[in-house]
Amino acid sequence: MDHFKEEVVVSRNNLLGNILYALCWVCIVVFGLYGMLMLQMLMFAFNVGTILLTVLSIGAAVMLFLVKDHFKVEFEYTFTNGSLDFAKVMRSVKRKELGSMNVANVSACGHVAHESFKKFLAMNDVSKRNWFLNRDGNLFYFYYVKDNKKNMIIIEPSEELVEMIRHYLPVGVYQG
């Protein structure tokens, strides 16, 4: 029997993200319109100041357009028979694969509230990846060494997913 579980973690309090997303759209429109107005001004007054304002306003509109999706983020965890895949979903449209790991290769894991987490966090040269949205959620960490580099991933799984993961962990890896 296969063990399969897919979870999507959404932010419980995303008021700030929604406000920033709306503000981005307002600024995109304002900077875009101002840039177009400055393009028309280039026809009449071709000087360095006008060119600079045109490039800056259009550049700001483009940069905000590229950044706006990062304010509406979800994380997706997919567990299949000992393999855990991570993805970042922006605006429920764009999906970015973050990575995959076999839980049998994990050196230690457990809940962030456990004292073992502080021990691994205090280690030097640990590359930490925060793939969660709610700081007050049920946070869970994985510590592993890959290519002589220490890595730590912190996620926000449900207890059902934690129990599925525990069945595939080597003995003594789960820290509680």
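Anything mentioned here points back to the structure above.
Residues numbered from 1 in each chain as written. Predicted model: local features only at pLDDT ≥ 70, side-chain atom pairs only at ≥ 80, totals over all residues. Heavy atoms only, no water.

Next up on the list: the packing of aromatic side chains. The geometry of an aromatic ring pair is captured by two quantities: the separation of the ring centres and the angle between the planes. All told, the structure shown has 9 aromatic pairs when counted by the stated rule. Between phenylalanine 120 and tyrosine 141, the ring centres sit 6.0 Å apart and the planes meet at 45 degrees, which makes this aromatic pair tilted. With a gap of 21 residues between them, phenylalanine 120 in helix α3 (residues 115-121) and tyrosine 141 in strand β7 (residues 140-146) connect regions that are remote in the sequence. Across the pair, exposure class does not vary: phenylalanine 120 and tyrosine 141 are buried alike. Ring geometry for phenylalanine 120 and tyrosine 143: centres 4.5 Å apart, planes at 25 degrees, overall stacked. A residue pair is termed long-range when its members are at least 10 positions apart, and phenylalanine 120 in helix α3 and tyrosine 143 in strand β7 qualify at 23 residues. By relative accessible area, which is 9% here, phenylalanine 120 ends up buried. Among the aromatic side chains, those forming a connected cluster through ring pairs are Phe117, Phe120, Tyr141 and Tyr143. The ring centre of phenylalanine 65 lies 4.3 Å from the NZ or CZ of lysine 68, which sits over that ring. Of note, lysine 72 hangs over the ring of tyrosine 21, and the distance from its end group to the ring centre comes to 4.9 Å. (Phe/Tyr/Trp six-rings, centres within 6.5 Å; stacked < 30°, edge-to-face > 60°. Helix = DSSP H or I, 4+ residues; strand = E, 2+ residues; numbered from the N terminus. Buried < 20%, exposed > 50% of the residue type's maximum accessible area, 1.4 Å probe, protein only. Lys NZ or Arg CZ within 6 Å of the ring centre and 35° of its normal.)

Quick look at the pairing of β7 now. Judged by how many residues are buried, β7 sits mostly within the fold: 5 of 7 residues are covered. Looking at chain direction, strand β5 (residues 108-111) and β7 are connected through 4 bridges and run antiparallel. Bridge pairing in β7 places cysteine 109 opposite phenylalanine 142. Across 7 bridges, the pairing between β7 and strand β8 (residues 149-155) is antiparallel. Looking at β8, one finds that tyrosine 141 is bridged to isoleucine 154. Here β7 folds back onto β8, and the loop between the two strands holds 2 residues, one of which, aspartate 147, carries a positive phi near 55 degrees. (Pairing = 2+ DSSP bridges.)

Sheets are built from strands paired through backbone hydrogen bonds, the pairs being either parallel or antiparallel. One open sheet accounts for 4 strands, arranged β5-β7-β8-β6; its pairing is mixed. Since the sheet does not close on itself, it has two edges, and those belong to β5 and β6 (126-131), each with one partner. Between one strand and the next, the sheet's axes are offset by a mean angle of 15 degrees, whatever the strand orientation. (Axes fitted to C-alpha atoms, helices over the stretch in contact; angles between N-to-C directions.)

Take the side chain of asparagine 134 next. Inspection of the secondary structure assignment puts asparagine 134 in the loop between β6 and β7. Among the polar contacts listed, one links the side chain of asparagine 134 to the backbone oxygen of valine 10, at a separation of 3.1 Å. Residues in contact with asparagine 134, not counting those within four places in the same chain, are Val9, Val10, Ser11, Arg12, Leu139 and Glu156. (Polar contact = N/O pair within 3.5 Å; in protein donor to acceptor, adjacent residues only side chain to side chain. Contact = heavy atoms within 4.5 Å.)

Taken together, 4 strands build an open sheet; the order of strands is β1-β2-β3-β4 and the sheet is antiparallel. Bordering the open sheet on either side are β1 (4-9) and β4 (94-102), each of which pairs with just one other strand. Mean inter-strand twist for the sheet, computed between neighbouring axes without regard to direction, equals 15 degrees. Pairing analysis gives 8 bridges linking strand β2 (residues 73-80) to strand β3 (residues 83-90), with the strands arranged antiparallel.

These figures capture arrangement, not role.
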